[in-house]
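Secondary and tertiary structure notes
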Amino acid sequence: MATKHEQILQHIDRLPIGSKISVRQIAKDLDVSEGTAYRAIKEAETQGYVSTIERVGTVRIEKKQKENIERLTFAEVVNIVDGHVQAGREGLHKTLNKFVIGAMQLEAMMRYIDAGSLLIVGNRYQAHKIALQQGAAVLITGGFDTSEEIKQLADRLALPIISSSYDSFTVASMINRAIYDRLIKKEIVMVEDILKPLAETPVLLTSDSVAKWHQYTELYQDTRFPVVDEQMRLIGIVTSKDIIGHEETATIDKVMTKNPITTSPRVSVASSAHTMVWEGIELLPVVDNHRKLVGVLSRNDVLKALQFTAKQPQMSETFPNLIMSHFREERQADEMVYLGDVSPQMTNHLGTIASGIMTTVMVEAACNLLRHHRRGDMVPENITVYFLKPVQMESHIEVKPRLLDISRRFGKVEVSVFHGEQLVGQAMITAQIIER
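Residues numbered from 1 in each chain as written. Predicted model: local features only at pLDDT ≥ 70, side-chain atom pairs only at ≥ 80, totals over all residues. Heavy atoms only, no water.

Re the overall build of the protein chain
- Along the backbone of the protein chain there are 16 helices and 21 strands.
- In terms of overall dimensions, the protein chain has a C-alpha envelope of 80 × 70 × 35 Å along the principal axes.
- Burial status across the protein chain gives 44% buried among its 436 residues.
- Long-range pairs, those at least 24 residues apart, make up 56% of the contacts in the protein chain between residues at least 6 apart in sequence.
- Positive and negative side-chain charges in the protein chain, numbering 50 and 54 respectively, have mean positions lying 2 Å apart. (Helix = DSSP H or I, 4+ residues; strand = E, 2+ residues; numbered from the N terminus. Buried < 20%, exposed > 50% of the residue type's maximum accessible area, 1.4 Å probe, protein only. Contact = heavy atoms within 4.5 Å. Lys, Arg positive; Asp, Glu negative; His and termini not counted. Charge placed at Lys NZ, Arg CZ, Asp CG, Glu CD.)

A short note on the domain arrangement of the protein chain
- On domain assignment, one finds that the protein chain holds domain 1 (2-58), domain 2 (72-185), domain 3 (190-306) and domain 4 (317-433).
- Of note, the centres of domain 1 and domain 3, computed from C-alpha atoms alone, are 31 Å apart.
- Taken residue by residue, the interface counts five residues in domain 1 and five residues in domain 3.
- Here domain 1 meets domain 3 over a buried area of about 350 Å², counting both sides, of which 39% is carbon and sulfur.
- The tally of links between domain 1 and domain 3 comes to one salt bridge.
- At the boundary of domain 1 and domain 3, one finds one residue pair in polar contact (both at pLDDT 80 or more).
- Split into classes, the residues belonging to the side of domain 1 that touches domain 3 amount to one nonpolar, two polar and two charged. (Domains from an automatic or database assignment. Buried area = accessible area lost by both parts, 1.4 Å probe. Salt bridge = Lys/Arg side-chain N within 4 Å of Asp/Glu carboxyl O. Polar contact = N/O pair within 3.5 Å; in protein donor to acceptor, adjacent residues only side chain to side chain. Nonpolar A, V, L, I, M, F, W, Y, C, P; charged D, E, K, R; others polar.)

Details of the side chain of Ser416
- Along the chain, Ser416 turns up in strand β20 (residues 410-419).
- One polar contact links Ser416 to Gln426, side chain to side chain, over a distance of 3.0 Å.
- Those residues within four positions of Ser416 in sequence are excluded, and the remaining contacts are Glu398, Val399, Lys400, Leu423, Gly425 and Gln426.

Quick notes on the confidence of the model for the protein chain
- Model confidence for the protein chain is summarised by a mean pLDDT of 86, while 92% of its residues fall at 70 or above.
- Note on residues 65-70: pLDDT under 50 across the span, and 15 contacts to partners over four residues away in sequence or across chains. (pLDDT = per-residue confidence, 0-100.)

Points about the packing of aromatic side chains
- Going through the model one piece at a time under the given rule, you end up with three aromatic pairs.
- Ring plane angle 75° and centroid distance 5.2 Å describe the contact between Tyr216 and Tyr220, whose orientation is recorded as edge-to-face. Taken as a pair, Tyr216 and Tyr220 lie in helix α10 (residues 210-220) at a separation of four residues, close to a single helical turn.
- Their ring planes at 80° and their centres at 5.4 Å tell us that Tyr216 and Phe225 sit as a pair that is edge-to-face. Across the pair, exposure class does not vary: Tyr216 and Phe225 are buried alike.
- Aromatic ring contacts, followed pair by pair, group Tyr216, Tyr220 and Phe225 into a single cluster.
- Above the plane of the ring of Phe418 lies Lys400, whose end atom (NZ or CZ) is 5.1 Å from the centre. (Phe/Tyr/Trp six-rings, centres within 6.5 Å; stacked < 30°, edge-to-face > 60°. Lys NZ or Arg CZ within 6 Å of the ring centre and 35° of its normal.)

Quick look at the packing of helix α2 (residues 23-30) against helix α3 (residues 34-47)
- Across the interface, α2 lies against α3 with an axial gap of 8 Å and an inter-helix angle of 115°. In the packing of α2 onto α3, the handedness of the crossing is right-handed. Touching Val23, Arg24, Ile26 and Ala27 of α2 are Glu34, Ala37, Tyr38 and Ile41, all from α3.
- Of the residues assigned to the contact of α2 with α3, the class counts are six nonpolar, no polar and two charged. (Axes fitted to C-alpha atoms, helices over the stretch in contact; angles between N-to-C directions. Left-handed = near helix turned anticlockwise from the far one by under 90°.)

Let's talk about helix α13 (residues 269-279)
- Along α13, the positions that sit buried rather than exposed are Val269, Ser272, Ala273, Met276 and Val277. In a view along the axis of α13, the buried residues occupy a sector of 135°, so they form one face of it.
- Of the residues flanking the start of α13, the one acting as N-cap is Ser268, its side-chain oxygen 3.2 Å from the backbone nitrogen of Ser271.
- Just downstream of α13, Gly280 is the residue with a positive phi angle, here 65°. (Arc of directions from axis to C-beta.)

Description of the pattern of salt bridges
- A complete count under the given rule lists 15 salt bridges for this structure.
- Across the pair Glu34 and Arg24 runs a salt bridge, and its minimum N-O distance is 3.8 Å. Here Glu34, found in helix α3, pairs with Arg24, found in helix α2; they are 10 residues apart in sequence, far enough to count as distant.
- You can call Glu34 partly exposed: its relative accessible area is 42%.
- Glu414 is paired through a salt bridge with Arg402; the nearest N and O atoms lie 2.9 Å apart. With Glu414 in strand β20 and Arg402 in strand β19 (residues 396-406), the pair connects residues that are 12 residues apart, well separated along the chain.

Digging into the sheet that holds strand β12 (residues 234-238)
- Within the open sheet, the four strands sit side by side as β10-β11-β12-β13. Their pairing is mixed. Taken across any chain shown, the strands that pair with only one partner, and hence form the sheet edges, are β10 (204-205) and β13 (257-258).
- Here two bridges tie β10 to strand β11 (residues 225-228), and the two strands are oriented parallel to one another. Paired with Leu205 across the bridge in β11 is Val228.
- With respect to the sheet, α10 is in contact with β10, β11 and β12, its orientation differing from that of β11 by roughly 140°. (Pairing = 2+ DSSP bridges.)

Here's what the structure looks like:
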C-alpha cells in the first residue's frame, strides 16, 4: 500500500497542467496534515512537475523530457527574472520556443515574433498587443506596466504578461544563463534516464526459495536479483555467490546479502559508475527516499550511457572547459605541455592566480594525459598540491604533466607548473579510470 506521501505525489501528478496547488487544499482533499502536504509538494517541485511563483502560487507544470530540457516554461521565467505576473496566469505552464528583444521598429520586430515566443520589451503598448495577437507572451522590462485592455486580452488568450524591474539586456542575459545551465545538465546523464524500471526488473521476495532463483536464472539469463518485501522495499540482493552450497528449499532471506549498496534516481551515471567500479559490483539497485525499489542499474547500462554521451556534440561549457580554453596543447620532445596566460578572471583579489584555478588546470592536464593512454572518464581520487610561488595576472605559464604509473583502473600523474624557468606549482594526482 502506498504511503500518504506517495499518495499525494500521485494525486499531484494526475492534476491537469496549469492547476493551482495549495498546501491547505491538498491536506483537506487527501485528509493529511499540512506538514505532510508541504513536504510532498516540495518533492514534486524537485522532480520538475510543480513550480512555485511569487504572487501567483504553486502551479502544476509539464515535466520536461531530457531532449527538451533547454526549453523554459513562462513560470520558470518569472522566477529567473524576479518578475511578477500582471495577466495571463492561465498560460504560465506553457513553454517558450525563443525570446525576442524588442529594440527595433514595430514592423521589423513583428517579423521575428510567432506563437510560443517571448517578447522582451519596455513600455510599448502597441508591441504588447500585437505580440499577444500573434501568440507570444510579453516580458515588460524596467518595471513598467501595460494597459487594462492588453491585460484582458492576455487573460483571454492565456498568454502571460510578466513585469521585471531589470533592463532588457540584463533580463535576456539571465534567461540565456538559465538555458545555458540546462544545456550542461542535458549532457549529464542521470540514473533515472537509463535505469531498467521496476516493471521490467525481476525481483525475488524474502519468502521465495532458492529453487525460484534457479528458475529466474534460466528465464531471464541473469544471476543477480534484488530482494524486496511485500511493500516493494529493498531488503537485499542475491547472486550466484550467495546461492552456492544452499539447498533449493532454503528461503532467499537466509542466503541473500543484506543492506546492499544502492543509488538514487537523481544521481549522475558517472558517480554511480565510480561506485560500481570501486565496490566491484555488477548490479546497483535504485531506490527512492523511502527505500522502495525504483529499478536497477547494470554495468552494461552504465557503459552504454557513457558511450552515448561521448558521441554527443558539446552544446555548452562547464567552468573547467572555460578555464582550459585559455590554454593550448603542444607536444615538446614526446611530452604533452599546456601553454597559456593568466587572464584577469583567473585571479584572486590580490591579482595572482587563484588556488582553485591552478588546481583545476593541474587536474585537467593530468586527466587529459591519462585519456591519451586509456579511453574513458577520469575521476580524481587523490590530489596533493604545492603552491610554491604566486603567479601574477597576465603571466605566461607552462603546465607539464608526467605519467608515473597507469593500470587498468588507476593512473598516477605528476604535474609541474612553470613561469619562465621558475617552478611555481606542483601536484601529485591519482585518478580512477572508468572505461567506456
